[in-house]
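A closer look at the structure
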Amino acid sequence: MAEILVEKKNKNIGYEPILEGIPDWPVYQLSKNRKEFLEEVTQKSIDQIRLLRPSRKQLIDELEATAFREQNRLKRNRWRVDPKDEPRFWSRIKNELVELSSKTAENGAKKEEDLLHEIVQRYANEIAGSFKPSSYKFAREVIKFWFGRLLNGARVKKFGAYFRNQYTLRDKIHIVGKVKMLRALAKQGTVVMVPTHFSNLDSILIGWVIHSLGLPAFLYGAGLNLFNIKIFAYFMNSLGAYKVDRRKKNLPYLETLRMYSNLAIQKGAHSLFFPGGTRSRSGLIEKQLKLGLLSTAVEAQRNLYRENATGEPRKIFVIPVTLNYHFVLEAPELIEDYLQVKGQDRYFAEQDSYGSFQLIKFMFKFFTKGSSISVSIGPGLDVMGNYVDDNGNSLDANGQRLNPREYFMTNGQVTIDKQRENEYTRMLSAKVVSEYHRINRVFASHLVAFVAFEMLQRKFPKLDLFGFLRLPEEDLEIPYEEFKTTFKKIRKEIYHLKEKGKVYHATHLKGQTDIVIRRGLDNVGIFHLKRPLLKNKKGNIVTQDLNVLYYYHNRLVGYDLEKLI
Amino acid sequence: MTLRSSSDKPVGVIGAGNFGSVIANILARNRKVLLYARDEAVIKRILDKRENRGHKMSKNVLPTGDMEYLANQCDVIFPIVPSAHFRDMMRKLSPYLHPYHILIHGTKGFDIKLPKGETIETVKTLNRQQVKTMSEVIREESVVVRVGCLAGPNLAKELSQRQPGATVVASHFQEVIQTGKRLLRNDRFQVYENHDLVGVEIAGVLKNIIAIASGALSGLGYGENAKGLLISRGAVEMVYLGRVLGGDTRTFLGVAGIGDLVTTCNSPMSRNFTVGYRLAKGEKLKNILKDMEEVAEGVNTIRIAKKFSDYYKVRPLITDTLYKVLFEGMTVQDALDYLMRYPLNVDINLLSTT
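In this section: the overall build of chain B. A tally of regular secondary structure across chain B gives 16 helices and 12 strands. The C-alpha atoms of chain B give 20 Å as radius of gyration, which agrees with the globular expectation for 354 residues (20 Å, within 12%). Here the C-alpha coordinates of chain B stretch approximately 65 × 45 × 40 Å along the principal axes. Across the 354 residues of chain B, 51% fall into the buried class. Partitioning the intrachain contacts of chain B with sequence separation of at least 6 by distance along the chain shows that 72% fall at a separation of at least 24.

Turning our attention to the overall build of chain A. A count of helical and extended segments in chain A gives 21 helices and 16 strands. When the 565 residues of chain A are sorted by exposure, 42% land in the buried category. The long-range share in chain A, meaning contacts at least 24 apart out of those at least 6 apart in sequence, stands at 77%.

Looking now at the domain arrangement of chain B. Residue and element names in this part refer to chain B. Taken domain by domain, chain B consists of domain 1 (5–195) and domain 2 (199–346). Averaged C-alpha coordinates put domain 1 and domain 2 at centres separated by 25 Å. On the domain 2 side, the residues contacting the 30 residues of domain 1 number 29 residues. Breaking the side of domain 1 that touches domain 2 down by element, the ones donating at least two residues are helix 4 (83–93), helix 5 (134–141), strand 10 (146–151), strand 11 (165–171) and strand 12 (189–194). Ranked by the residues each element gives to the side of domain 1 that touches domain 2, the list is headed by strand 11, at three residues. Residues of the side of domain 1 that touches domain 2, tallied by class, amount to 17 nonpolar, 10 polar and three charged.

The next subject is the pairing of strand 7 (residues 102–105) of chain B. The side chains of a regular strand alternate between both faces of the sheet. Residues and elements named next belong to chain B. Residues Ile102 and Ile104 line one face of strand 7 and the alternating positions Leu103 and His105 line the opposite face, and both faces are buried. Bridging between strand 6 (residues 76–79) and strand 7 involves two bridges; their strand directions are parallel. Its bridge partner being in strand 7, Ile77 is matched across the sheet by Leu103. Note on the crossover from strand 6 through helix 4 to strand 7: the handedness is right-handed.

With 12 residues of chain B at the interface, the matching set in chain A holds 13 residues. Tallied by class, the residues present in the side of chain B that touches chain A amount to five nonpolar, four polar and three charged.

Take the sheet that holds strand 16 (residues 541–542) of chain A next. All names here are of chain A. Read across the open sheet, the three strands follow the order 13-16-15; overall the sheet is antiparallel. The sheet is open, and its two borders are formed by strand 13 (477–478) and strand 15 (534–535), each paired with just one other strand. Strand direction decides the pairing type here: strand 13 and strand 16, joined by two bridges, are antiparallel. Directly across from Glu477, in strand 16, lies its bridge partner Val542.

For chain B, mean pLDDT is 89; residues scoring 70 or higher make up 95% of the total. Across the interfaces of the predicted complex, the ipTM metric reaches 0.87, alongside a pTM of 0.86.

This part covers the pairing of strand 4 (residues 241–244) of chain A. Residues and elements named next belong to chain A. What you see with strand 4 is no split at all: Ala241 and Lys243 on one side and Tyr242 and Val244 on the other are buried throughout. Pairing between strand 3 (residues 219–223) and strand 4: four bridges, direction parallel. When the sheet's bridge partners are listed, Ala222 is paired in strand 4 with Lys243.

Let's shift gears to the environment of Asn77(A). Tracing the backbone shows Asn77(A) in the loop between helix 3 (56–76) and helix 4 (86–101). Sequence separation between Asn77(A) and Arg247(A) is 170 residues; the distance between their C-alpha atoms is 8.4 Å.

Okay, the packing of helix 9 (residues 224–245) of chain B against helix 11 (residues 255–265) of chain B next. All names here are of chain B. Put simply, helix 9 and helix 11 touch, their axes get as near as 11 Å, and they point 140 degrees apart. Between helix 9 and helix 11, the interaxial angle falls into the category oblique. With respect to the hand of their crossing, helix 9 and helix 11 are arranged in right-handed fashion. Mapping the contact onto sequence places Lys227, Ile231, Gly234, Ala235 and Met238 in helix 9 and Gly257, Ile258, Leu261, Val262 and Cys265 in helix 11. Of the residues belonging to the contact of helix 9 with helix 11, the class tally is seven nonpolar, two polar and one charged.

Another aspect to go through is the sheet that holds strand 5 (residues 61–64) of chain B. Where strands meet in a sheet, backbone hydrogen bonds hold them as pairs that are either parallel or antiparallel. Residues and elements named next belong to chain B. An order of 5-2-1-6-7-10-11-12 is seen for the eight strands of this open sheet, with the pairing classed as mixed. Single-partner strands in this sheet number two, and they are strand 5 and strand 12. Mean inter-strand twist for the sheet, computed between neighbouring axes without regard to direction, equals 25 degrees. As judged from the three bridges shared by strand 1 (residues 11–14) and strand 6, these two strands associate in the parallel manner. Across the sheet, the residue bridging to Ile14 is Pro79, located in strand 6. Sheet contacts for helix 1 (residues 18–28): strand 1, strand 2 (33–36), strand 5, strand 6 and strand 12; angle to strand 1, the most-contacted strand, approximately 170 degrees.

Here the focus is the packing of helix 9 of chain B against helix 15 (residues 317–327) of chain B. All names here are of chain B. In contact at an axis separation of 8 Å, helix 9 and helix 15 are set at 100 degrees when each is read in the N-to-C sense. One finds that helix 9 runs roughly perpendicular with respect to helix 15. When helix 9 is examined against helix 15, the residues Arg233, Gly234 and Glu237 are found in contact with a partner set consisting of Leu317, Ile318 and Thr319. A class-by-class count of the residues in the contact of helix 9 with helix 15 yields two nonpolar, two polar and two charged.

Below, the discussion takes up unusual backbone geometry. At Asp560(A), a residue that is not glycine, the phi angle is positive and equals roughly 60 degrees. Take Asp560(A): it is sitting in the segment after helix 21 (546–554). Using a count of 10 C-beta atoms within 10 Å as the deciding quantity, one classes Asp560(A) as exposed. For Arg53(B), which is not a glycine, the phi torsion comes out positive at approximately 50 degrees. Assignment of secondary structure puts Arg53(B) in the loop between strand 3 (51–52) and strand 4 (55–56). Looking at Arg53(B), the number of C-beta atoms within 10 Å reads 19, which means it is partly exposed.

Once that is clear, we can look at the confidence of the model for chain A. Confidence in the prediction for chain A averages 83 pLDDT; 85% of positions are at 70 or higher. Overall, residues 1–11 of chain A carries pLDDT values under 50, and its contacts beyond four positions in sequence, including any with other chains, amount to 18 contacts.

Nonpolar side chains in soluble globular proteins tend to end up buried together. Tyr260(A), Val318(A), Leu447(A), Val448(A), Ala452(A), Val13(B) and Leu27(B) are the most contacted members of the largest nonpolar core, which totals 236 residues. For this core, the leading source of residues is helix 8 (residues 197–219) of chain B, giving 13 residues. Counting residues domain by domain, this core receives three or more from each of domain 1 (5–195) and domain 2 (199–346) of chain B. When neighbours within four sequence positions are excluded, Ala452(A) is seen to be in contact with Ile478(A), Phe483(A), Leu533(A), Ile541(A), Thr543(A) and Leu549(A).

Okay, helix 15 of chain B next. All names here are of chain B. Turning to helix 15, its buried residues are Ile318, Thr319, Thr321, Leu322, Tyr323, Val325 and Leu326. Buried residues along helix 15 sit against helix 8, helix 9, helix 12 (271–280), helix 13 (285–290), helix 14 (297–312) and helix 16 (332–341). Two residues or fewer past helix 15, Gly329 is found with a positive phi of approximately 80 degrees.

Residues and elements named next belong to chain B. Assignment of secondary structure puts Thr119 in the loop between strand 8 (111–112) and strand 9 (131–132). For Thr119, a count of 7 C-beta atoms within 10 Å puts it in the exposed group. Residues Thr119 and Gln174, spaced 55 residues apart in sequence, show a C-alpha to C-alpha distance of 39 Å.

A word on the environment of Pro532(A). Residues and elements named next belong to chain A. Within the element layout of this structure, Pro532 appears in the loop between helix 20 (513–523) and strand 15. C-alpha separation for the pair Pro532 and Tyr550, spaced 18 residues apart in sequence, amounts to 8.5 Å. Setting aside chain neighbours within four positions, we find Pro532 in contact with Ala449, Val524, Gly525, Thr543, Asp545, Val548, Leu549 and Tyr552.

The rules behind each value
As a convention, each chain's residues are numbered from 1 in the sequence order in which they are written. Just so you know, chain letters begin at A and ligand numbers begin at 1, following the order they were written in. Two thresholds apply to this predicted model, a pLDDT of at least 70 for residue-level local features and 80 or more for giving and counting side-chain atom pairs, whereas whole-chain, interface and lining totals are computed over all residues. Note on conventions: DSSP H or I runs of at least 4 residues are helices, E runs of at least 2 residues are strands, and numbering of each starts at the N terminus. Two things to know: the radius of gyration comes from C-alpha atoms, and the globule rule equals 2.2 Å times the number of residues to the power 0.38. Buried residues are those with 20 or more other C-beta atoms within 10 Å of their own C-beta, exposed residues have 12 or fewer, and partly exposed residues lie in between; C-beta atoms are placed from the backbone. Contact between two residues is assigned when their C-beta atoms, built from the backbone, lie within 7 Å. Segmentation of the chain into domains, including their bounds, is taken from an automatic or database domain assignment. Each residue gets one label: Ala, Val, Leu, Ile, Met, Phe, Trp, Tyr, Cys and Pro are nonpolar, Asp, Glu, Lys and Arg are charged, and the others, such as Gly, are polar. One requirement defines pairing of two strands: DSSP has to find at least two bridges between them. Handedness of a crossover is defined as follows: orient the strands so they point away from the viewer, and if the path from the first strand over the helix to the second runs clockwise, the crossover is right-handed. The pLDDT value tells you how sure the predictor is about a given residue, anywhere from 0 up to 100. For helices, the fitted line uses only the C-alpha atoms of the stretch in contact; every axis is such a line through C-alpha atoms, and the angle between N-to-C directions lies from 0 to 180 degrees. Roughly parallel means an angle under 35 degrees; roughly antiparallel means over 145; roughly perpendicular covers 65 to 115; every other angle is labelled oblique. Handedness of each helix crossing follows the sense of rotation of the near helix against the far helix: counterclockwise by less than a right angle gives left-handed, clockwise gives right-handed. For our purposes the nonpolar core covers buried Ala, Val, Leu, Ile, Met, Phe, Trp, Tyr and Cys residues that link as a set through C-beta atoms within 7 Å.

Below, the structure is given as structure tokens:
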């Protein structure tokens, strides 16, 4: 059995909740007034859609397209979580639309508006989460209790260990970075947390992190696919999750989703979404973010400024977070996906991927076996991507205070300019991406994977990536001494980058090179059937799965380290 | 849209050089203009004689030496100062700027950041972190995000004579483009839009290289065949260099690309053209530069483009050869012979590879 990283008991004892009782939580307030809130979401979404599709014909066309797509989805890609009455609903809508298109405007008498209302309302209800304090508390305790047990049972190999509290989640999950600032900002404004997304586990993990930092539950957008699994659905619902269905790309749905997030943020509900949209298939840190939900933060802030022409309204803070693992269970399937899309005909899939029951197995493996996780909390940003200080003041590059309201002003007034805000969202997204890279914590396992893959690829300069990945793994070997030299060089560069504030690294990266390399080798993709990196009998570095090695290697792409190999 | 209460706010222009003065005059047809000049004598001359650099200045143009006043009075500012001073100017202006300001610059040149102890002569290569366009300088040095630029075939002298002409206003923001249009457009001056801000800036800078070459051809006494060859090959070279720097190929085919290139290459009035012309006549670069009232941006651009392409391992033939002429003592005639004998003769295939 491989040596697992020695984990020290974590020193921090935990954080006091920043708000006394659950009734004070914005998330709870929202779900208490669920009906009114959804009515508002529906109404404002409709207004927005009417603005985008002003004429009757445009609206009917849009609704027809929506109905068509929805029926298509039902035929092609139906999920367990989808409500039973969906086919009936959409076929009725379709029929009514057909009837409607034969009528003139007077005859049809605003029928299309009713249909729009019906559709949007349905979507709003579907998206909305319902936060119940009792099940939140229950879920929280269950997670704490069982994970704690499993952890101890796995760590201390005695039966009795299941009932001990020697290790807790806190020992396993290291939270580093601007925790104090996050807590301070959550008290005075609305926090929008945007973590990187590598694994399905992220949702649960981040939920736990938020709780353990003493923050009230966040409203968060979770992929509807996760709700397919009953047990997940239970936890998600009780943790305040709202549902994001990536199959639905129609305008009414997207506008409703954005409005839901927008209004929730305006009402002060701390929110969380994965701006990468989906798990990183390649193992790369997200370079491109989905701008849809991110733009709701910008819009919400602008609206708050508009509605409070004189005073200072609630401020919205964007907090980037990176999650670091030694091991991502889905890695083989993810990278397979990625290579298929990327390589098209140059890449041949070798195996079928398996079903979603993986998730539960994954959780189990994850929490019962070693391999620590770190969560880096980034500094607070305003919606323009400016850093803020502990009091929430936006600062320019020279540390001077500035007023973000002025970004939204034309001729002395706060104005609405969609195109401008799209551009702002893009700027914010670029800033978040650069923060991801900056607060990323390099693990020994990332580094060995990076160095090994680059060194191997260097040996076949004539092959493109896909040609290289098709090489039989048996032919690939790096002499240990050679590996060590390069490893040292790259590690030095990481130190260097850290000094310049461009990346962080885990403390376990320091120390004697041989030990650090062993740590890396032992932990990289530790529970995969085929290990991405091993030492062979001669003590040289070999791989059993080049694709997965590529995946873990990608974590360190984007720092220009390749140039040094 | 055009008539707002604050539309009586003046527009700012920073830099009372040749182009700055012309732009101030064009703006003054629609609005009051505050024109910043560093030099007290210039301010006084404009106030007293209504004249600057040979241009008759509109009565709507009010010269000032006070940046703070200008920034407080104007929401929209056009900085038009030589690239070598641009960053310094921005640093001085920055404390008075707010996020509501709109800046549309009219400077064609690069800003370079050199490692400590190096000069532009000694530094071996330059990468994209060290070479910045003016809009990037504005973003780095101030809180202003609504940034745009002016580019295109804008020969100051023709513009001041009210000959027909056009400019491109480029920005990521529609708001900036519309503002620029509203302020600049008149019956003799057409304004085109472009969203590829960096591409437009780069095209405006790189064309100065080709302008020097064009002057050199002219100085050697060659005619239109040679010029046609130069302009078309020069355009290709601009595209290649421009792509490395982050511009969009299409931009180089537009008014700010080909349009500006053809104009500059055919204009014996332009400074860059003059540099090439006099070099071909056998004069030394040092002496030529000494005679010039304003900077010929092209000379610096060649130096930067050469070191930049060395870093990214692209081979811009015309630029490289001009570099040898300007800084390594090659004669213009030798340079031309070298180019004519160069064995690469694939015409163009860049459009298919975008």
